[in-house]
Amino acid sequence: GVADELKCDVYMAAVGRAPNTQSLNLPESIVMDEYGGVLVSSDMQTTAPGIYAAGDVVGRPFLASTGMAQAQAAANIIFSDAPSVAGECEEGDATCVVDGAAQAGSSFDPASLASNPFAFPTGVWTTPEVATYGVTLEQAESLELGEEIGEAVALY
């Protein structure tokens, strides 16, 4: 690649985020991962039956858009007759999205953006704001998504 230089007065980097679950007084039956995130099934259910989790408490990617989609998927599961959102995508379809829930093969992946960056928008709340959604033009071409692919820029 090409080396670029950025001159600025201030540089800030935030690294090492982790779920803040210690003060939630969760039952011992809820299993956590090594980073303190709540482990959930493909239905967003914790290891305690009837208790669901979504958003930052389940870990990466710590984005509001992903947390909202996880919460919507959990609510759909809790309040529907269907036991799961699983099975609505073909195995291995990295671009499949059903009712706002990213699919990882045959089941919802709670860390959806980490494993499927094509499924959720991301935003950087700077001035100017930057947001992305989907794949790059090069990724779309390599995935052979069809002839009607392109890219767009929206300025607000």
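1. With respect to the overall build of the protein chain
Logical step 1: Summing up its helical and strand segments, the protein chain has three helices and five strands in all.
Logical step 2: Walking the protein chain from its N terminus toward its C terminus, one meets helices and strands in the order α-β-β-β-α-β-β-α.
Logical step 3: Counting only residues that meet the buried cut, the protein chain has 27% of its 156 residues in that class.
Logical step 4: The contacts in the protein chain between residues at least 6 apart in sequence include a share of 30% that link residues at least 24 apart.
Logical step 5: Summed over its atoms, the accessible surface of the protein chain is roughly 11100 Å², and 54% of this surface lies on carbon and sulfur atoms.

2. Topic: a nonpolar patch on the surface
Logical step 1: On the surface, a nonpolar cluster with roughly 220 Å² of combined accessible area is contributed by Leu24, Leu26 and Met32.
Logical step 2: Within the secondary structure, leucine 24 sits in the segment before helix H1 (64-78).

3. Comments concerning the side chain of threonine 21
Logical step 1: On the secondary structure map, threonine 21 appears in the segment before H1.
Logical step 2: Only 2.6 Å separates the side chain of threonine 21 from the backbone oxygen of glycine 36, close enough to count as a polar contact.
Logical step 3: Look past the residues within four positions of threonine 21 in its chain and what remains in contact with it is Met32, Gly36, Val38 and Val57.

4. Thoughts on the confidence of the model for the protein chain
Logical step 1: Scored by pLDDT, the protein chain comes out at a mean of 74, with 72% of its residues at no less than 70.
Logical step 2: Across the protein chain, the secondary-structure element scoring lowest on mean pLDDT is strand S2 (residues 101-104), at 40, and the one scoring highest is H1, at 81.
Logical step 3: Within the model, pLDDT remains below 50 along residues 83-87, and this stretch shows eleven contacts once partners closer than five positions in the same chain are excluded.
Logical step 4: This model gives residues 99-109 a pLDDT under 50, and the stretch forms 39 contacts once residues within four places in sequence are excluded.

5. Some thoughts on H1
Logical step 1: The end-to-end C-alpha distance of H1, which contains 15 residues, comes to 21 Å, matching closely the 21 Å that a straight helix rising 1.5 Å per residue would cover.
Logical step 2: Those residues of H1 that fall on the buried side of the exposure criterion are Thr66, Gly67, Ala69, Gln70, Ala73, Ala74 and Ile77. Burial along H1 is one-sided: seen end-on, the buried residues are contained in an arc of 165 degrees. For H1, the exposed residues set more than 90 degrees away from the buried face come down to Ala64 and Met68.

6. Re the pattern of salt bridges
Logical step 1: Applying the stated criterion to the full structure yields one salt bridge.
Logical step 2: Between glutamate 5 and lysine 7 there is a salt bridge, with the nearest N and O atoms lying 3.8 Å from each other. The pair glutamate 5 / lysine 7 is uniform in exposure class, with both members exposed.

7. Here we look at the environment of glycine 134
Logical step 1: Following the sequence through the fold, glycine 134 ends up in the loop between strand S5 (130-132) and helix H3 (137-142).
Logical step 2: We classify glycine 134 as partly exposed; its relative accessible area is 29%.
Logical step 3: Spatially, the C-alpha atoms of glycine 134 and threonine 122 are 9.5 Å apart, while their sequence positions differ by twelve residues.

8. Some points on unusual backbone geometry
Logical step 1: The residue after threonine 127, namely proline 128, is reached through a cis peptide bond having omega 0 degrees.
Logical step 2: Mapped onto the elements, proline 128 comes out in the loop between strand S4 (122-124) and S5.
Logical step 3: Of note, asparagine 25 is a non-glycine position whose phi angle comes to about 55 degrees, a positive value.
Logical step 4: Relative to the assigned elements, asparagine 25 resides in the segment before H1.

9. Quick word on the environment of alanine 18
Logical step 1: Within the secondary structure, alanine 18 is located in the segment before H1.
Logical step 2: Setting aside residues no more than four positions away along its own chain, alanine 18 makes contact with Tyr35 and Phe62.

Cut-offs used in this document
Residues numbered from 1 in each chain as written. Predicted model: local features only at pLDDT ≥ 70, side-chain atom pairs only at ≥ 80, totals over all residues. Heavy atoms only, no water. Helix = DSSP H or I, 4+ residues; strand = E, 2+ residues; numbered from the N terminus. Buried < 20%, exposed > 50% of the residue type's maximum accessible area, 1.4 Å probe, protein only. Contact = heavy atoms within 4.5 Å. Areas by Shrake-Rupley, 256 points an atom, 1.4 Å probe, with all protein chains shown as cover. Patch = residues over 30% accessible without salt bridge, like charges linked within 9 Å, V, L, I, M, F, W, Y side chains within 5 Å. Salt bridge = Lys/Arg side-chain N within 4 Å of Asp/Glu carboxyl O. Polar contact = N/O pair within 3.5 Å; in protein donor to acceptor, adjacent residues only side chain to side chain. pLDDT = per-residue confidence, 0-100. Expected span 1.5 Å × (residues − 1). Arc of directions from axis to C-beta.

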